[in-house]
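This is what each chain is made of:
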Amino acid sequence: MKTKIGIITLLVIILVSLVLLFKSYLFIEVSSYNSSFVTNSKICNNGSDYYYCNTKGQVKHLSDDKEELFYSESLVTSVACNSKYVFMSDHEGIVRVSVDNGSMFRYTAEHITELYADEEYLLYITGGAYNILDSDTMENVSIESFVESNEIIKDSDLFVLGKKERKIISQAVSVNLKNNNFIGDVVLKDKCLNFNANNIVNEKIRFIAERTDTTFDTTFAYFSGEPKYTAVGRIDYRHMLVLNDCVISVRSEYDQKSFLNKIYGNNKSYDPRDGLTRPEKDLSVHQYDTLCLYNLNTGESKEYNTGKGEKIVYVDNEKFITFCDKKYLVRSVDNYEITDEMPAHEIKRGGTYTFEQCGEYIFVFDGDSGELLNKIKI
């Protein structure tokens, strides 16, 4: 009898411990370390006006410190904007709303996954391919008109189209300049659209991931007539960016021996689009983040490891921002010294949080509801 009571008591203790353990978790997912490398279309801005979609399929409008519901007539999955329109994708296609008078126009298309807009064109992805529309007429635009060039540069297995502020980098077998759709990625003046993970960093560089059973290395390959290759070792290239000829990336390391780490699964801190899982894990099993900087001109490289539980949430070529112990720390890229700090009142145990950089801010969202919790001026 006593043995039975003892077993029951032990099971109750284990169950209560597990409940308390999982109630104290803290997950931080960084969707964008820097908006010059675009990997999704959940938030956009036109100057000081920002639009984002939450997990309910609603679009919110944020201007200064005022937030209001902008659209909720259908379930929106992505959003883009320019100075004249806000574009939103749903299960029927694209809804375009005029910023001036609120008038709506619907464009029919299926299975849209991402959107991006500039002042002239709207890009949308369906079936893994980019499609180009005129943002005013919502009519198809040819690749030739979009890149303002009819020249195609062939480099190994890549096609580079365009010379000015818009370039298309494609790995397709062939490219027809008269078409309005293509498989590849887009390089703009100050951004790279990497929705399809075609290994493009900017208009000069792509990367090649090389895996063995024990190592995972990345080689940067210069194309367009420059036969130069640079191996930089293991990095997380999901949000890798190049600023002033410096490759900047971040990787996360977790405690391999932790029991919780085994519960959370594979701790590979690489891109899931390469066939590897990259789950964000509770900070209790987080060891450190590594900031990796590689100068493409000099070949000089350096790395900085944060402390345990200190997560990098933003990077540029002068500073990086981390979350650590209820605070945001601003550190110098040159010497890693703390130059500023801000409270992180919105981050609490038992929560999941997503960070997105857009315009002049880092936006902190509730990972479950998609609602905005805070914006951090950068």
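Heads up: the structure comes first, above all this text.
Residues numbered from 1 in each chain as written. Predicted model: local features only at pLDDT ≥ 70, side-chain atom pairs only at ≥ 80, totals over all residues. Heavy atoms only, no water.

J.: Explain the environment of K60 to me, and be specific about the residues and the numbers.
T.: Tracing the backbone through its elements, the reader meets K60 in strand β5 (residues 59–63). Put simply, K60 and S72 are twelve residues apart on the chain and 8.9 Å apart in space, counted from C-alpha to C-alpha. Each residue touching K60, except ones within four places of it in the same chain, is listed here: Y50, Y51, Y52, N54, E67, E68, L69, F70 and E371. Polar contacts involving the side chain of K60 include one to the side chain of E371, which spans 2.9 Å. (Helix = DSSP H or I, 4+ residues; strand = E, 2+ residues; numbered from the N terminus. Contact = heavy atoms within 4.5 Å. Polar contact = N/O pair within 3.5 Å; in protein donor to acceptor, adjacent residues only side chain to side chain.)

J.: Account for the sheet that holds strand β24 (residues 246–254), with residues named and values stated.
T.: On the basis of which strands lie adjacent, the open sheet formed by four strands has the order β23-β24-β25-β26 and antiparallel pairing. Strand pairing shows two members of the sheet lacking a second neighbour, β23 (241–243) and β26 (301–305), which therefore form its edges. Averaged over all neighbouring strand pairs, the angle between strand axes comes to 25°, with direction disregarded. Where β24 and strand β25 (residues 286–295) come together, nine bridges link them in antiparallel fashion. Among the inter-strand pairings, S249 is bridged to a residue of β25, identified as C292. (Pairing = 2+ DSSP bridges. Axes fitted to C-alpha atoms, helices over the stretch in contact; angles between N-to-C directions.)

J.: Could you give an account of the pattern of salt bridges, naming the residues involved and the relevant values?
T.: Should the charged atoms of two oppositely charged side chains come close, the side chains can pair. One pass over the full model with this rule turns up 14 salt bridges. Of the charged contacts in the structure, one is a salt bridge between E120 and R166, with a shortest N-O distance of 3.1 Å. Here R166 lies in the loop between β15 (158–161) and β16 (167–170) and E120 lies in the loop between β11 (112–117) and β12 (121–126), a separation of 46 residues in the sequence. Judged by its relative accessible area of 39%, E120 is partly exposed. A salt bridge links K319 to D316; the nearest nitrogen and oxygen atoms lie 3.0 Å apart. If you follow the salt bridges from partner to partner, you end up with K60, E67 and E371 in one network. (Salt bridge = Lys/Arg side-chain N within 4 Å of Asp/Glu carboxyl O. Buried < 20%, exposed > 50% of the residue type's maximum accessible area, 1.4 Å probe, protein only.)

J.: Now, about the packing of aromatic side chains: what can you tell me, with residues and values included?
T.: The final tally for this structure, using the stated rule, is 15 aromatic pairs. A centroid spacing of 5.0 Å and a plane angle of 55° characterise the contact between Y50 and F363, whose relative ring orientation is tilted. Pair noted here: Y50 is in strand β4 (residues 49–53) and F363 is in strand β32 (residues 361–366), with a separation of 313 residues, a long-range link. Owing to a relative accessible area of 3%, Y50 belongs among the buried residues under this scheme. Between F363 and F365 the ring centres are 6.3 Å apart and the planes differ by 25°, which places this aromatic pair in the stacked class. (Phe/Tyr/Trp six-rings, centres within 6.5 Å; stacked < 30°, edge-to-face > 60°.)

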